[in-house]
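Descriptive structure summary
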Amino acid sequence: MKESGQTRGEEARLAALAGYDVLDTPPEEAFDRITRLVRRLLGVEITAIVFVGARKQWFKSCQGMTAKEAPRDTAFCHETIAREGALIVEDALLDPRFAQDPLVVGEPHIRFYAGLPLRTREGCAIGTLCAIGTKPRTLEPDAIDLLADLGRMVMDELELHRLATTDSLTGSLSRRASREEAARGFALARRHRNE
């Protein structure tokens with residue numbers, strides 16, 4: 001049986017995401033700075049950098065909400081990564097795709113969503129940069145351009161992180177990255193043991 005193009009595309013997307021080794025990692029100031037900027041510049045209550053895995057979304061940075069992860073299939077971000085450009089939802093209660101979403105009908109009562117797919121240089125959408133509000137609103141083209149610029153900054157940060165943690169000759173982890181990876185593995189094991 002032949003593999004569908006959609007399945008191959010999803011496998012390539014997940015492989016690209018794995019290459020950044022960002023799922024289940026702690027918050028970092030470089031990403032928090034970007035979400036704080038989005039929150040202030042767009043005047044929204046919630047902003048997030050979200051990476052979309054096979055079954056869940058991982059919130060690398062989130063302002064205005066305490067979530068660390070969420071299921072993938074019921075999320076705005078799941079819809080955003082399937083698009084070429086930004087997904088703008090002016091009123092989620094009036095949009096049949098999202099009107100029954102638990103985050104729309106319940107806390108935090110999302111009404112407005114602006115999400116931009118975070119794309120690798122190869123074009124794989126590995127996550128989103130999103131701005132979320134509790135009141136319906138429109139977003140001017142200049143604001144969408146601003147969100148796109150900040151999304152490129154997220155991808156630049158990921159590329160810098162990858163360069164800083166990988167030896168350019170061998171492709172293996174640097175000594176510092178090996179220590180960080182070991183510490184992260186222990187922390188993740190402790191977290192899963194306590195769940």
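In this text the structure is predicted, and so the values were computed from the model without any measurement. (Residues numbered from 1 in each chain as written. Predicted model: local features only at pLDDT ≥ 70, side-chain atom pairs only at ≥ 80, totals over all residues. Heavy atoms only, no water.)

1. Points about the nonpolar core
The cut-off we apply is this: Nonpolar cores were defined as sets of buried Ala, Val, Leu, Ile, Met, Phe, Trp, Tyr and Cys residues, with membership established by side-chain atoms within 4.5 Å. Only protein chains enter the accessibility calculation, which uses a 1.4 Å probe; a residue is then buried when its area is under 20% of its type maximum, exposed when over 50%, and partly exposed in between. Pairs of residues are marked as contacts when any of their non-hydrogen atoms sit within 4.5 Å.
Counting residues in hydrophobic clusters, the biggest one holds 28 residues, and the most contacted among them are Leu42, Ile49, Phe51, Ile126, Leu129 and Leu158. In contact with Ile49, other than residues within four places in its own chain, are Phe31, Ile34, Thr35, Trp58, Phe59, Lys60, Ser61, Leu118, Thr128, Leu129 and Val154. Core analysis: the second largest hydrophobic core is formed by 20 residues, Ala48, Cys62, Cys77 and Leu87 among them.

2. Describing the sheet that holds strand S2 (residues 56-63)
Filter applied, for reference: At least two bridges found by DSSP between two strands are what make those strands a pair. We count a stretch as a helix when DSSP gives it H or I for four or more residues in a row; a strand needs E for two or more, and each element gets its number in order from the N terminus. Lines fitted to C-alpha atoms define the axes here, with helix axes fitted over just the stretch in contact, and angles between the N-to-C directions of these axes take values from 0 to 180 degrees.
Sheet architecture is open: six strands sit in the order S3-S2-S1-S6-S5-S4, paired in antiparallel fashion. With one partner strand each, in any of the chains shown, strand S3 (69-71) and strand S4 (87-89) form the two edges of the open sheet. If you compare each strand with its neighbour and ignore which way they point, the axes differ by 25° on average. As paired elements, S2 and S3 share three bridges and run antiparallel to each other. Following the sheet pairing, Lys56 is matched in S3 by Pro71.

3. Description of unusual backbone geometry
Leaving glycine out, the prevailing phi sign among residues is negative, and the prevailing peptide bond configuration is trans. The step from Glu107 to Pro108 runs through a cis peptide bond, and the omega angle for that step is 5°. Position of Pro108 among the secondary structure elements: in the loop between helix H4 (102-105) and strand S5 (112-119). Located in the positive-phi region is Asp21, a residue other than glycine, with phi close to 50°. Tracing the chain through its elements places Asp21 in the loop between helix H1 (5-20) and helix H2 (29-42). Of note, the phi angle at Asp24 is positive, near 60°, even though the residue is not glycine. Structurally, Asp24 is set in the loop between H1 and H2.

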